[in-house]
Amino acid sequence: MRETAIFNHALEMLSPTNPYSKPLEEFYYYNGSAFHSLIEILMRNADAINVPVSRDPRQNDQLAFQLLCGSLEEYLDDYPARYAAKQRFREKFLSWLKEIAKKYDIDDPVYPESFSQPCGDTAIAMVRMLHPREGVTKEDMAQYLGISERAVLKNLGKLDHSLGDSRQSAEVLRIGGQPVQVKIGTIREHGEKKKRYYTPNTMHPIVLQENVLQAGTLIQSLARNYTEHTNDISYIVGMEIWGQLSEYGRDRIRSVFSLEDPAVAQFIEILDDDCPDNTMADHFYTEREMREETSLSADEMLIYCLKAGRTCRLTLSTENGTIILDHALIRMSRDESSKVPYEGSEVRYTAVREGKEAIHFTKEQILSIE
């Protein structure tokens, strides 16, 4: 009865805080011939508990929480996924446990060490920590990364040379051999003395370990987007990927993917002609630089303006003819009854201008965005 009570209490903690759309019964996987189920792991670990159930509800909360920590960690231990995907699952499971700890007021919660281990690559870990707009202090970065505050400041100077001294001007952090440079801003919370660091333009370090089929499929997808939609962003991403492949890998993609696919053959020819020395892989483009230096399609401009609240000159086709909206902010229209975006042929976007009536439109009505 003891293990059943703790098991049921742990389930009561998990279910209402579940961050996924699927129920707990569907948390299972096969690794080879071995079957792994979160509920079965939880039940087995509950059976192994030798601590009696207490009459104090708070002690039972603590016991059930410890059971959850061990079971969630065990569930991911043998999960057959690549490192990056597994790290993402660990981060989400950690957030899950933190929500439970908050809801049940767990005293000094101890989370699985594997869930809170920082990324092994200091450059990647620091760049990701600098993404939130509220910023992060050097003390928090030092604690998370397990390095000194002085080392944090030195690494910040390597990422943004304007923060370092002259002796550090030639030093850089690298990801996959590529030098990483990104502008770092500083802010201070109201009444706070500590400086917080953040990146105004978020650079996302992505490292892939692909076989020929995966790398070729990626090039094929970019080629389709480039040739069918004149998408310059696909060209820039393709340049970076193509420049990092070995000559053997390039030859295999040419022989497998371009023989019966003119779009891939054309795209690869452009990459070969324009990428003789791999220099394109050394530059991180901000969105503003990409907007100024490349031609974006109407779809890309829509995302560009919508994502960051940028004003634009919007030309629409309407039943009453063509209209031009200057200094317009584009927002996603929402169904007020469900608070979700409209779907299908329904209204999806709204153009908002100061002191003027909002204009609703669909993507198909867009003639140009500038």
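Cut-offs applied
Residues numbered from 1 in each chain as written. Predicted model: local features only at pLDDT ≥ 70, side-chain atom pairs only at ≥ 80, totals over all residues. Heavy atoms only, no water. Pairing = 2+ DSSP bridges. Helix = DSSP H or I, 4+ residues; strand = E, 2+ residues; numbered from the N terminus. Axes fitted to C-alpha atoms, helices over the stretch in contact; angles between N-to-C directions. Buried < 20%, exposed > 50% of the residue type's maximum accessible area, 1.4 Å probe, protein only. Contact = heavy atoms within 4.5 Å. Arc of directions from axis to C-beta. Phe/Tyr/Trp six-rings, centres within 6.5 Å; stacked < 30°, edge-to-face > 60°. Salt bridge = Lys/Arg side-chain N within 4 Å of Asp/Glu carboxyl O. Parallel < 35°, antiparallel > 145°, perpendicular 65-115°, else oblique. Left-handed = near helix turned anticlockwise from the far one by under 90°. Nonpolar A, V, L, I, M, F, W, Y, C, P; charged D, E, K, R; others polar.

Asker: I tried to follow the pairing of strand S9 (residues 321-332) on my own but got confused; where do I start?
Answerer: Pairing of strand S8 (residues 311-318) with S9 involves seven bridges; the strand directions are antiparallel. Within the sheet, the bridge partner assigned to threonine 318 lies in S9 and is glycine 321. Between S8 and S9, which pair antiparallel in sequence order, lie two residues.

Asker: Would you mind showing me how to read the sheet that holds strand S7 (residues 196-198) here?
Answerer: Backbone-to-backbone hydrogen bonds pair the strands of a sheet. The strands run either parallel or antiparallel. Strand order across the open sheet formed by three strands is S3-S7-S6, with antiparallel pairing between neighbours. Unpaired on one side and paired on the other, strand S3 (136-137) and strand S6 (185-187) mark the two borders of the sheet. Examined bridge by bridge, S6 and S7 share three bridges and lie antiparallel to one another. Across the sheet, residue isoleucine 187 finds its bridge partner in S7, namely arginine 196.

Asker: Teacher, can you tell me more about the sheet that holds strand S14 (residues 366-369) here?
Answerer: Taken together, five strands build an open sheet; the order of strands is S13-S12-S9-S8-S14 and the sheet is antiparallel. The open sheet is flanked by strand S13 (359-361) and S14, the only strands paired with a single partner. For this sheet, the mean inter-axis angle between neighbouring strands, taken without regard to orientation, is 45°. Bridging between S9 and strand S12 (residues 349-352) involves four bridges; their strand directions are antiparallel. Residue pairing for S12: leucine 329 is matched across the bridge by valine 352.

Asker: How should I be thinking about the environment of phenylalanine 267 in this particular structure?
Answerer: Within the secondary structure, phenylalanine 267 is located in helix H12 (residues 262-274). Overall, phenylalanine 267 belongs to the buried group, its relative accessible area being 0%. Measuring from C-alpha to C-alpha, the distance between phenylalanine 267 and alanine 223 comes to 5.5 Å, with 44 residues separating the pair along the chain. Leave out the neighbours within four places in its chain, and phenylalanine 267 touches Ile219, Leu222, Ala223, Tyr226, Ser234, Tyr235 and Gly238.

Asker: Looking at this structure, how should I read the pairing of strand S2 (residues 34-37)?
Answerer: Side-chain positions along a regular strand alternate between the two faces of the sheet. Examined bridge by bridge, strand S1 (residues 28-31) and S2 share four bridges and lie antiparallel to one another. Within S2, the residue paired with tyrosine 29 across the bridge is histidine 36. Turn length for the S1-S2 hairpin, with the two strands adjacent in sequence and antiparallel, is two residues, and the turn residue glycine 32 shows positive phi of about 70°.

Asker: What is the right way to look at helix H11 (residues 247-257) in this model?
Answerer: Turn by turn, an α-helix covers 3.6 residues, leaving residues three or four places apart pointing in a common direction. Considered for burial, the residues of H11 that qualify are Gly249, Arg250, Ile253 and Phe257. Axial view of H11: buried residues confined to an arc of 100°, hence all on one face.

Asker: Would you mind going over the environment of isoleucine 359 with me for this structure?
Answerer: You can see isoleucine 359 is positioned in strand S13. The exposure class of isoleucine 359 is partly exposed, given its relative accessible area of 22%. Here isoleucine 359 is in contact with Leu316, Ile323, Leu325, Tyr349, Thr350, Ala351 and Arg353, once residues within four sequence places are set aside.

Asker: What exactly am I supposed to notice about the packing of aromatic side chains here?
Answerer: If you walk through the whole model with that rule in mind, you get 17 aromatic pairs. For the pair tyrosine 20 and phenylalanine 27, a centre-to-centre distance of 5.5 Å together with 80° between the ring planes defines the contact as edge-to-face. Taking the relative accessible area as the measure of exposure, phenylalanine 27 reaches 3% and is therefore buried. Ring geometry for tyrosine 226 versus tyrosine 235: centroids 6.1 Å apart, planes at 35°, classification tilted. When sorted by exposure, tyrosine 226 lands in the same class as tyrosine 235, which is buried. Among the aromatic residues, ring-to-ring pairing joins Tyr20, Phe27, Tyr29, Tyr75, Tyr79, Phe89, Phe93, Trp96 and Phe115 into one connected group.

Asker: Mind showing me how you'd approach helix H6 (residues 122-129) here?
Answerer: By the criterion of burial, H6 is predominantly enclosed, with six of the eight residues buried. Within the sequence span of H6, burial applies to Ala123, Ile124, Ala125, Met126, Val127 and Met129. Lining the buried residues of H6 we find S3, helix H7 (138-145), helix H8 (149-159), strand S4 (173-175) and strand S5 (178-180).

Asker: Please clarify how the pattern of salt bridges should be interpreted in this entry.
Answerer: Pairing between side chains of opposite charge can happen when their charged atoms approach one another. Counted under the stated rule, the structure contains twelve salt bridges. We note a salt bridge from arginine 58 to aspartate 107, for which the minimum N-O separation is 3.0 Å. Taken together, the residues span a long stretch of sequence, with arginine 58 in helix H3 (residues 57-77) and aspartate 107 in the loop between helix H4 (83-103) and helix H5 (113-116) at a distance of 49 residues. On the accessibility criterion, arginine 58 (35% relative accessible area) is partly exposed. Aspartate 107 sits in the partly exposed class, given a relative accessible area of 44%. Counted as one network, the salt bridges with shared partners bring together Glu247, Arg250, Asp251 and Arg254.

Asker: What's the story with the packing of helix H2 (residues 38-47) against H3 in this structure? I'm lost.
Answerer: Helices that pack against each other are described as a pair by the angle of their axes relative to one another and the distance between those axes. At their nearest, the axes of H2 and H3 sit 9 Å apart, and the two run at 135° to each other. Considered as vectors, H2 and H3 are oriented oblique to each other. The two elements H2 and H3 cross, and the hand of that crossing is right-handed. In contact with Leu38, Ile41, Leu42, Arg44, Asn45 and Ala46 of H2, H3 contributes Leu67, Leu68, Gly70, Ser71, Leu72, Glu74 and Tyr75. Per-class residue counts for the contact of H2 with H3 are eight nonpolar, three polar and two charged.

Asker: What exactly am I supposed to notice about the packing of H7 against H8 here?
Answerer: Interaxial distance between H7 and H8 falls to 8 Å at its minimum, and their mutual angle equals 105°. It follows that H7 is roughly perpendicular to H8 by the angle criterion. Along the contact surface, H7 presents Lys138, Glu139, Met141 and Ala142, while H8 presents Glu149, Val152, Leu153 and Leu156. Looking at the contact of H7 with H8 residue by residue, the classes come out as five nonpolar, no polar and three charged.

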